[in-house]
Amino acid sequence: MVKTRAQNGVIKPPAYSLNDEDSEGDNDEYDYEPEPSDEEIGRKSLKRKSRNTNATPKAKRQKTATSPSKSKAANKGTAPKGGRRRKTLSLLPTMPLDVLHEIFSHLSPKDLINLSRTSPAFEKTMSDPANSSIWIVARKVYDAPDPAKGFTEAEWGELLFDNTCESCGTKNVQEVDWNILKRLCSSCKLSHLLGAKDRAFKRTFAGYPPEIFNFLPNTNLRPWTQDTYDPEYHLRKMYWTPDMKEIFLEWKKRRLAAQSSPEAEKAFFAWKNERMAIVRANTAMVDTYKEWYENYAKGKDEEKYEGTKRRLEAAKQRLLKEGFSQIDIDNAIFTFTDGIRTGTPNITNAAWTRIRPKLVPDVVMQQNIRHAREKNPIILQRMAVLRELYDQHLAQRRPSERYLCPPVEFLRPLDDVVALLEAEANVTITAESFAPVLRKVDDYIETYQSGKKKVMVESIPSYLRPANPEDALNLARHQEANPSPGPWTFTVDEEMIVDELTPVPHKGSKKLQWLDLERAQKDLEHIAARPHPYNSHANDAVRAYILKRLEDTADGRDFVHVSNDLKSNGSWASASYGVYFEGTNLLLKIDGTDDKEDPEAILFSAHYDSVSTAPGATDDGMGVTTLLQLAEYFASNRMRRTAIFNINNGEEDWLNGAHAFWQHPWSNITTTFVNLEGAAAGGRPMLFRSTSLEPIQAYYTVPHRLRVRNPHGNVLSSDAFARGVIRSGTDYSVYAGIDRHGPDFKPGSEVKMEGLDIAFYKGRSRYHTKWDSSAYTEGGERSLWAMIEVARGVGVGMLNEEPDHLPTRSAVYFDLFKSTLISFRLRSLLTFNVVALVAGPIILVLIWLMATVIGEPDHEHDAPPPVPPKQTNSPSPPAGESSSAARPPARRFGTADDTADNVNSIWSKVKKVLIILWQQSSFWIALFLTVVVQALYVWGYVALNPFTVYTRPYTVLLSAFCLAYLTIVSTLKLAFPSSPVKQATITREREKTTLLLHVYLLTWIFLLVSTILIAKTKIGGTYFVTVWYVGVWGAGVVGVVQNFFGSRQSPPSSSKGKKRATNGGDLEDHSERTPLLREQHTNGSARSHKKEKEVDEGGEIGWWIVQVLLSVPPFLVLIGQVAMLLLDSMSQTLTDGSSAVTVYVAISVLAVLLVLPIAPFSPKLHQGVTFLSLATLIGATIYLWLVFPFTHDDPFKVFFQQQIKLDPNTVFLNSANANATAVASPAKITTQLTGSPVYIKSVLPYLPSSRNKEINCTQDLVRAGLKTCEWESGPQLTPSPGGKDPWDWWPGATTTTTQSSPALDNSPSWFKAEVTSTSWASAKITIQGRNTRNCRIYFDSPADSGVKVIRYIVEGGSKGMQPGYPVDQKTGLKELRLWSREWEKKWVVDIDWEPTKLGDTDEDDGKLSGRIACEWVEYESAMVDNGSVREDARPKIPALEEVLAFLPEWAVVTKAADGLVEAWVPFST
């Protein structure tokens, strides 16, 4: 079609000036409306009346001539004051209609709509049905459908092509509700759409007949129902209230008229049928309208994008004319650049004047980068020499001193260094050239440290500042690390069990092919140079560095693609809070060699942000560094499948970067992921979690030379995460989708992606603290190499493996001695357990019966041999006399002596039964006593020194093990005492078999519980119970078989004993030579008996060895590894709020499990082991109960935050929350420290600001088990947000101060906010913070406010909630977190809520209330500053600087929340 000059960009549409300076706008849409008129024009519809009553302000409307004189003056072009002659369209209506029709037929529908609003005359002309041909021609250009029933061409054109709300006139309404054929904003929908389930429905439509609802269409779309929990929301019927009232009046009028005559009654019925026919016809066309509008909107977007590209090219041409190079321009500006993103395709001179200042700085910056890059190789080479010399110099200092030294970049601005670095290229610079600099380096370091000391000392309040500044700093450093446990407290170094890491391969090793560990170490040092949370400028610097590294990897490789993602925005919610996040992820894609249309890519993920109190070396600098190395490795050595690297931002603020990844197009082709994380301070990386068995197979499918040499992992950690035992989170949860919720998600559903979670876990006490730096990482370079080796091995295995598309199979996995990773299906373990539970006892009983039947011997040998007579001093009978003379006379049956023997015989039988019962129950009594004693032991630790396990977990385990050993072994030795009888060996074997069978019964019970847990909750961490059960069962079988063979071999031995007894009886008839012969016989018999005993015991020892090997080592190996894992991971979680009872109970359970396997063999253990255990128990317990639990290497962790309560009059300028007549009051600033209640009060006296202050300590609401202590910070510790006030746009905002508001003179403005009610159940909240990109809205609980928040929309964000993460409609939101990639962004948030209690009026239904807050994390000692930031513009947190300077050596600080400083103000609607 022919385009007008307005469409070609030559002139603006009618009703605007044609001046050059006004001819460029930032929007493609023309926003203006006509003057409101008292005369009704055209059809008198509710839509037209609504528009007229909500028209745009007069300042945006074009006035038309109302008199001939004015028209004439305008025609002559009378110039207004101070400007050019303004042209008007006042004479256009005087032109002939055929000429006008010819002109109008070439206009687009949007132009026709704008033209109709320039004057009443045009509106009357354009809405006249006689001129509908104009609208038809314009509509046909876009293939738009014919008008719906009841619409004129003009009305239909406005519905299709306008962007204004029909009810209130709100601009930029893009959606049309095709069910009711209306274009409405969210507020109008909330206000005027009512359904049968709404509380106001019956009140609004009281007295309406049911048939009236058939005369108007209905819809099911209302803002909160798009993500509702009600699965039948699509069946709701909601009606437009104004139309309903209008149709009701029409129905009422016609019904009254129908009572007057039959003709009127027929007309009434005809009208009703007509209305229903219109509704049916329009409803049938809804899908057609929707399909067309989607195609139309898509075409508009494409057209807009093409216009943006034309605007970009026009801007580039202008920059080229100014002398900038093409490469600098291409690297600086893009279609999404501010100034290019919006506006018309053509850039006029006026527009260029406005957008040039936004573009030129970026081009100049790229120009400088290019120049520096061209010159950089020589400077970098020389800087590397200086860095190496500087590192060698620092290596001579102690680690605690090196931490206080500046980085080598501190020397860069020095004149001597600049002269050497920037010398001409032909000048040779060597290490000797820097000798003069090195001689002065100590002076430079001292100057740097003096400046830092001065800043710290100045942060101390003047009334607390000591006379000697050195005393202030030495106070904390040299304080005795012994608070208030008691005068008997002492510190002793403890031996540590060290898990040696794999040595780093030497240079030139094949294992380092395509890897550069030196570069990796430099990357880590750069990334972890300082804290860099999302809400900091240091984060931007780290991001720029990583982006440059990725671009270098992709340079010259057409199969490597870099995505600088600055578009992914999204909203998602958990069970209690909602998030709006603007992502800044960096992505790299390396195409695989397999040429597939739908590649199934592997995702490698790590996050580059850190917390505000830690440089983030392990969390997650090592992960990012590993991905940079893998990117270079896979780019140099392409794999079969595509690899995607997501180096995301915002993980520390609860996994926001991973959520943003799902908004990126590359997320559609990923099927498996590997997430690298750090939850501690280094050591050996561990396979934390796995979604299923399939990803673990990558450990085995990798080629042997690349296989992970020391795999480490255990399914117990996955079970702990799944059960909530570990209160932490990683991006694994988002990638796998296990944290999804809502009506469409069921627990146990298929994961979104299969994958692995690999992380560090040792050294939790340094996690999220200043000690999480590259210099203090546990393992150092070895730890970094361990992470790279694991990630490379797993990555190669996944990228070269063909996807099998098998259903998800839960896995059990664990390593053996960190040399082999064992994995199998959880279902296989369940099947084996069920079979073992049933078949194990049956087989054991059958073997016992068989041994009993086949091996039934003569029971004579069961009787104990006769006890040798006691030796007496009575003389022997004379020679020749029979020994029978000395015998007592024979007793007759029934005499008194015989009666006494019978009584003794009965008691002996009872005693024998009691002994049997005691022995059979001794194992269970020992187990019960052990549980009781261990419970008392746990109570002793918790009561006397609960944190002793923090630094000495293995000593605690040793003491618990000794206690369990003493309890079990002592009880069993009482039940089975040693015997001097010769056949005690056989008896001991039977006792051992008896104990084994009791242990077998215990393992059977454990296996039953384990099987139930596997079946019900899919816990695979009980695999060691299965191994223990099988080992004890095998030992029991061996014991039964041993008894069988023992019974078969015992008769000969018994006959020998009987023979010896007979010979002994013959000796009673002795002669002269009897004593001599008797002695010889006795000696010979002793030697023979000793030989027989050695043979018997040698055979029994063989059985013992087999039983010990079956039941003890396999279980102890597995449970020992579990114990090491739990001790390393759980012992230092107490300062995070974990329960000490849980930790000590876990240690006690492990100790008992370590002792139980040796219980059947304990009676044979030497008595010395018992005494050794007792001595160890006493010594270790006394030591652990008295020792101070914290050290410099394992410090006590405290959580810091500073709260600022602002006066609403300084925040709300034009709101009901502010009082215009009130004098602003000073902000209330408090410092909060959170920690264990046992030691937090011991830390507070070290801080000068807390002395002589009222300190209020309460239970922490976030971390159970911790206390938060709060006190007023004082004016000397007042923080500053930095930057400058960004709210010149704010109505009524002013930075001037008056004497009536002295509180504002010395305190900066933190943020501005506005709360506006848009309906009875919705509000609009506007927030803008100073020098921040993170704000929050806290909502009061429904019990307090009477409402629950069920929906939120952030202006400019993506539509709807991320699938799987809706707002909980039952409980509502408690908090909304807002994150922006832009600094000082103005957030506009629409909030919808529902009342939780009903009243007589809307006011009684409750109102929205809560707090609005913004967060800050930057402080002087950690910020990025090269001297370019003014002193008054620097962010400062003096209270944190005080904590860093004055905490004792055994304590360290970390963040309590996302913001180190939170400024807030209450609000209500």
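Treat the numbers as computed from the prediction; the structure is a model and nothing was measured.

Looking at this structure, how should I read the environment of I1012?
Assignment of secondary structure puts I1012 in helix α32 (residues 984–1017). Sequence separation between I1012 and V834 is 178 residues, and the spatial gap between their C-alpha atoms is 9.7 Å.

How should I be thinking about the sheet that holds strand β11 (residues 754–760) in this particular structure?
Hydrogen bonding along the main chain pairs the strands of a sheet, whether they run parallel or antiparallel. The strand order across the open sheet formed by seven strands is β3-β6-β8-β7-β9-β11-β10, and the pairing between neighbours is mixed. Of all the strands in the sheet, just β3 (560–564) and β10 (686–690) have a single pairing partner and so form its edges. Taking the axes of each pair of neighbouring strands and ignoring which way they run, one obtains an average angle of 20 degrees across the sheet. In this structure, β3 lies alongside strand β6 (residues 586–590), joined through five bridges in antiparallel fashion. Paired with V560 across the two strands is I590, which belongs to β6.

Is there a simple way to explain a nonpolar patch on the surface in this structure?
A surface patch of nonpolar side chains, amounting to about 660 Å² of accessible area, comprises V834, V838, I842, V845, L846, W848 and L849. Here L846 shows up in helix α29 (residues 826–854).

Can you help me understand the environment of T342 in this one?
Within the secondary structure layout, T342 lies in the loop between α13 (326–332) and α14 (349–394). Assessed through its relative accessible area of 30%, T342 is described here as partly exposed. Remark: the alpha-carbon pair of T342 and K304, spanning 38 residues in sequence, is separated by 9.1 Å.

Would you mind going over the pairing of strand β19 (residues 1322–1329) with me for this structure?
Of all the eight residues making up β19, seven are buried; the element is thus mostly covered by neighbouring parts of the structure. When strand β18 (residues 1311–1319) meets β19, the two strands line up antiparallel, connected through eight bridges. When the sheet's bridge partners are listed, A1313 is paired in β19 with I1327. Connecting the antiparallel pair β18 and β19 is a turn made up of two residues.

Mind showing me how you'd approach the side chain of K973 here?
You can see K973 is positioned in helix α31 (residues 953–975). The buried category is assigned to K973, whose relative accessible area is 17%. Contact partners of K973, with chain neighbours within four places excluded, come to S1162, P1163, L1165, H1166, Q1167 and T1170.

Sorry, what's going on with the pattern of salt bridges here?
Where charged atoms from two side chains of opposite charge approach closely, those side chains can pair. Using the criterion set out here, one finds 36 salt bridges in the structure. Where K589 meets D591, a salt bridge forms, and the shortest distance between an N and an O atom there is 3.0 Å. The shortest N-O distance in the salt bridge between D594 and R640 comes to 3.4 Å. Separated by 46 residues along the polypeptide, D594 in the loop between β6 and β7 (601–607) and R640 in the loop between α22 (617–636) and β8 (643–648) bring together distant segments of the chain. Given the relative accessible area of 29%, D594 is considered partly exposed. Through salt bridges with shared partners, a single network forms among R1336, E1375, R1377, K1455 and D1458.

The rules we used
- Residues numbered from 1 in each chain as written.
- Predicted model: local features only at pLDDT ≥ 70, side-chain atom pairs only at ≥ 80, totals over all residues.
- Heavy atoms only, no water.
- Helix = DSSP H or I, 4+ residues; strand = E, 2+ residues; numbered from the N terminus.
- Pairing = 2+ DSSP bridges.
- Axes fitted to C-alpha atoms, helices over the stretch in contact; angles between N-to-C directions.
- Patch = residues over 30% accessible without salt bridge, like charges linked within 9 Å, V, L, I, M, F, W, Y side chains within 5 Å.
- Areas by Shrake-Rupley, 256 points an atom, 1.4 Å probe, with all protein chains shown as cover.
- Salt bridge = Lys/Arg side-chain N within 4 Å of Asp/Glu carboxyl O.
- Buried < 20%, exposed > 50% of the residue type's maximum accessible area, 1.4 Å probe, protein only.
- Contact = heavy atoms within 4.5 Å.

Everything listed here is a matter of coordinates, which is why it stays silent on function.
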